[in-house]
Amino acid sequence: QVQLVESGGGFVQAGGSLRLSCAPSGRIFSINAMGWYRRPPGKQRELVAAITVGGSNTNYADSVKGRFTISRDNAKNTVYLQMNSLKPEDTAVYYCHYSGYMEYWGQGTQVTVSS
């Protein structure tokens, strides 16, 4: 079974940057959109950013607009999340998500931002 593998999480001070990457462990087909979600401590999972595969339309949560940028490499079925000007409230487990004919989730990667 194909899984999504995330990387790039870690510990950073407020104002710093991190870049998350997500790639499938095998071949996948008919993906329409890729995205990133996060689950802050004690809170529900929320959408952070999403991007369509065909048209490159993007969507961001208001809390990250202007700071985070989502991008993708269709040839590699890989999605990235560049996170700049990080804040302590960005601390969460970040999950990548692919949707299309089937739905895929990553295992999650921890991002911790200290004040």
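Residues numbered from 1 in each chain as written. Predicted model: local features only at pLDDT ≥ 70, side-chain atom pairs only at ≥ 80, totals over all residues. Heavy atoms only, no water.

A.B. asks: Help me out: how do you make sense of the packing of aromatic side chains in this one?
C.D. replies: What describes a pair of aromatic rings is the distance from one ring centre to the other and the angle between the planes of the rings. What the rule picks out here adds up to one aromatic pair. The ring of tyrosine 37 carries arginine 45 above its face, with NZ or CZ at 6.0 Å from the centroid. Note that arginine 45 overlies the ring of tryptophan 105, its terminal NZ or CZ placed 4.0 Å from the centroid. (Phe/Tyr/Trp six-rings, centres within 6.5 Å; stacked < 30°, edge-to-face > 60°. Lys NZ or Arg CZ within 6 Å of the ring centre and 35° of its normal.)

A.B. asks: Would you explain unusual backbone geometry in this entry?
C.D. replies: For residues other than glycine, phi is negative in most cases, and the peptide bonds are mostly trans. Even without glycine at this site, serine 30 takes up a positive phi of about 55°. Mapping serine 30 onto the fold places it in the loop between strand S3 (18-24) and strand S4 (31-39). On the accessibility criterion, serine 30 (49% relative accessible area) is partly exposed. Within the chain, asparagine 77 stands out as a residue other than glycine whose phi angle is a positive 50°. One can find asparagine 77 in the loop between strand S7 (68-73) and strand S8 (78-83). (Helix = DSSP H or I, 4+ residues; strand = E, 2+ residues; numbered from the N terminus. Buried < 20%, exposed > 50% of the residue type's maximum accessible area, 1.4 Å probe, protein only.)

A.B. asks: I keep staring at the nonpolar core and nothing clicks. Help me out?
C.D. replies: Among the nonpolar cores identified, the biggest contains 28 residues, and Trp36, Val79, Leu81, Met83, Tyr94 and Tyr98 are the most heavily contacted of them. Top element by residues in this core is strand S9 (residues 92-100). It accounts for four residues. (Core = buried A, V, L, I, M, F, W, Y, C linked by side-chain atoms within 4.5 Å.)

A.B. asks: I would appreciate a short explanation of the pattern of salt bridges in the present structure.
C.D. replies: Oppositely charged side chains are able to pair whenever their charged atoms sit close together. Inspection of the entire model under this criterion finds four salt bridges. Close ionic contact of arginine 38 with glutamate 46 constitutes a salt bridge, the shortest N to O distance being 2.7 Å. When its relative accessible area of 4% is taken as the criterion, arginine 38 is described as buried. Residue glutamate 46 is classed as partly exposed on the basis of its relative accessible area, which comes to 31%. (Salt bridge = Lys/Arg side-chain N within 4 Å of Asp/Glu carboxyl O.)

A.B. asks: Got a minute to help me understand the state of the cysteines in this structure?
C.D. replies: Cysteine pairs can be linked by a disulfide, which is a covalent bond between their two sulfur atoms. Considering all chains together, one arrives at one disulfide under this definition. With its sulfur 2.0 Å from that of its partner, cysteine 22 forms a disulfide with cysteine 96. Torsion about the S-S bond of the cysteine 22 and cysteine 96 cystine: about 55°, corresponding to right-handed handedness. Of this pair, cysteine 22 sits in strand S3 while cysteine 96 sits in strand S9; the two residues are 74 residues apart in sequence, bridging distant segments of the chain. In this structure, cysteine 22 and cysteine 96 share a single accessibility class: buried. (Disulfide = S-S within 2.5 Å.)

A.B. asks: What exactly am I supposed to notice about the sheet that holds S8 here?
C.D. replies: Two strands in a sheet stick together by hydrogen bonds in their backbones, pointing the same way (parallel) or opposite ways (antiparallel). With antiparallel pairing, four strands are arranged side by side in an open sheet as S1-S3-S8-S7. A single partner strand is all that each edge strand has here, and the edge strands are strand S1 (4-7) and S7. Adjacent strand axes in the sheet meet at a mean angle of 15° when their direction is disregarded. As paired elements, S7 and S8 share six bridges and run antiparallel to each other. Of the residues in S8, the one forming a bridge with phenylalanine 68 is methionine 83. (Pairing = 2+ DSSP bridges. Axes fitted to C-alpha atoms, helices over the stretch in contact; angles between N-to-C directions.)

A.B. asks: Can you help me understand the pairing of S4 in this one?
C.D. replies: The side chains of a regular strand alternate, first on one face of the sheet and then on the other. Summarising the sheet, S4 and S9 pair through eight bridges and their orientation is antiparallel. For methionine 34, the partnering residue across the bridge sits in S9 and is tyrosine 98. Here S4 runs beside strand S5 (residues 46-52); their pairing, made up of six bridges, is antiparallel. In the sheet register, tyrosine 37 faces S5, and the bridge partner there is leucine 47. In sequence, S4 turns back onto S5 through a hairpin of six residues, with glycine 42 there showing a positive phi of about 75°.

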